[in-house]
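Chain residues, written in single-letter form:
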Amino acid sequence: MSIISLVSAPITAAFSDRAWAGLQIGLECLYLLVVNFKKGQRMIKGFATPATTRKLADQRPGLTYVDLAQTGVLVSQAGFGGYRVADGNPTHAQALTRALVKGINVIDTSANYADGESEKLIGRVLAELIDARQIEREQVVVVSKAGYLQGQNFALSQQRQQEGRPFKDLVPYADELAHCIHPEFIEDQLTRSLERLG
């Protein structure tokens, strides 16, 4: 069964046909990457479920949780934004830890936030809290994004271009900034995100 089968019914109505087609490509790439993730690489197993997020919401009556796109998965109305956080900064790790143990269960990050260091921090903190049994993996929704190239991703695109194998449909729009949503690029970025998130 593909991931599209798991999520398409409740959320299809929220997207135009073109946007839904793009989401399907991204979800299929993510599904293939999760299923075929490198052997030997530690990967935090699991995903948020309706039952486990309901249990969390019941344990945190002071927080408001909402249904994520009619999937039954409950997410806290407040989330943790990873835009300017990075691995190696103890204050950032403490803030994320506190948010998670207090019931915040949605984390937003991106492949380019702090040049990938945001995802590394989130993966490390999640693994530590799961190992310590302070949270359950099935309680947490992690949202990441790809498509925007800067820093290491931009350097990678330039290296590939010099090697004669550029990312297709790459759109430069400023000095050392570009955008790309071609499936090959999205697959590359999802692979790198999964490696950083663990």
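Everything in this summary refers to the structure shown in the same document.

The rules behind these values
Residues numbered from 1 in each chain as written. Predicted model: local features only at pLDDT ≥ 70, side-chain atom pairs only at ≥ 80, totals over all residues. Heavy atoms only, no water. Helix = DSSP H or I, 4+ residues; strand = E, 2+ residues; numbered from the N terminus. Salt bridge = Lys/Arg side-chain N within 4 Å of Asp/Glu carboxyl O. Phe/Tyr/Trp six-rings, centres within 6.5 Å; stacked < 30°, edge-to-face > 60°. Buried < 20%, exposed > 50% of the residue type's maximum accessible area, 1.4 Å probe, protein only. Core = buried A, V, L, I, M, F, W, Y, C linked by side-chain atoms within 4.5 Å. Contact = heavy atoms within 4.5 Å. Pairing = 2+ DSSP bridges.

Attention shifts here to the environment of Gln-94. Within the fold, Gln-94 resides in helix α4 (residues 90-101). On a C-alpha basis, the gap between Gln-94 and Val-125 in space is 8.9 Å, while along the polypeptide they are 31 residues apart.

Attention now moves to the pattern of salt bridges. If the charged atoms of two oppositely charged side chains come close together, the side chains can form a pair. In total, this model carries 10 salt bridges according to the counting rule given. Notably, a salt bridge pairs Arg-192 with Asp-188, separated by 2.9 Å at the nearest N-O pair. A residue pair is termed a helical-turn pair when its members lie 3 or 4 positions apart in one helix, as Arg-192 and Asp-188 do in helix α7 (residues 183-197) at four residues. Bridged by salt links that share partners, the residues Asp-87, Arg-124 and Glu-128 form one connected network.

The next thing to look at is unusual backbone geometry. Most peptide bonds are trans, and most residues other than glycine sit at a negative phi. Phi angles above zero are rare outside glycine, and Gln-70 is one such case at about 60°. Looking at the secondary structure, you find Gln-70 in the loop between β1 (65-67) and β2 (74-76). Despite not being glycine, Ala-114 shows a phi value in the positive range, around 50°. Inspection of the secondary structure puts Ala-114 in the loop between β4 (106-108) and α5 (117-131).

Let us now look at the packing of aromatic side chains. Inspection of every chain in the model, using the stated rule, returns three aromatic pairs. The interplanar angle of 45° and the centroid separation of 6.0 Å between the aromatic rings of Tyr-148 and Tyr-173 together place this pair among those described as tilted. With Tyr-148 in strand β6 (residues 148-149) and Tyr-173 in strand β7 (residues 171-174), this pair connects stretches of sequence that are 25 residues apart. A relative accessible area of 28% means that Tyr-148 is categorised as partly exposed.

Our next topic: the nonpolar core. The tendency in soluble globular proteins is for nonpolar side chains to be buried side by side. Counting residues in each nonpolar core, the largest one holds 18 residues, and the members touching the most others are Leu-96, Leu-100, Ile-107, Val-125 and Leu-126. If you list the elements that add at least two residues to this core, you get α4 and α5. With six residues, α5 is the single largest residue contributor to this core. In contact with Val-125, not counting residues within four places along its chain, are Ala-93, Leu-96, Thr-97 and Leu-100. Listed in part, the nine residues of the second largest apolar core include Leu-156, Cys-180, Ile-186 and Leu-190.

On to the sheet that holds β7, then. Spatial ordering of the open sheet is given by β6-β8-β7, a layout of three strands whose pairing is antiparallel. Because the sheet does not close on itself, it has two edges, and the strands there are β6 and β7. Where β6 and strand β8 (residues 177-179) come together, two bridges link them in antiparallel fashion. From the neighbouring strand, Tyr-148 faces β8, where its bridge partner is His-179.

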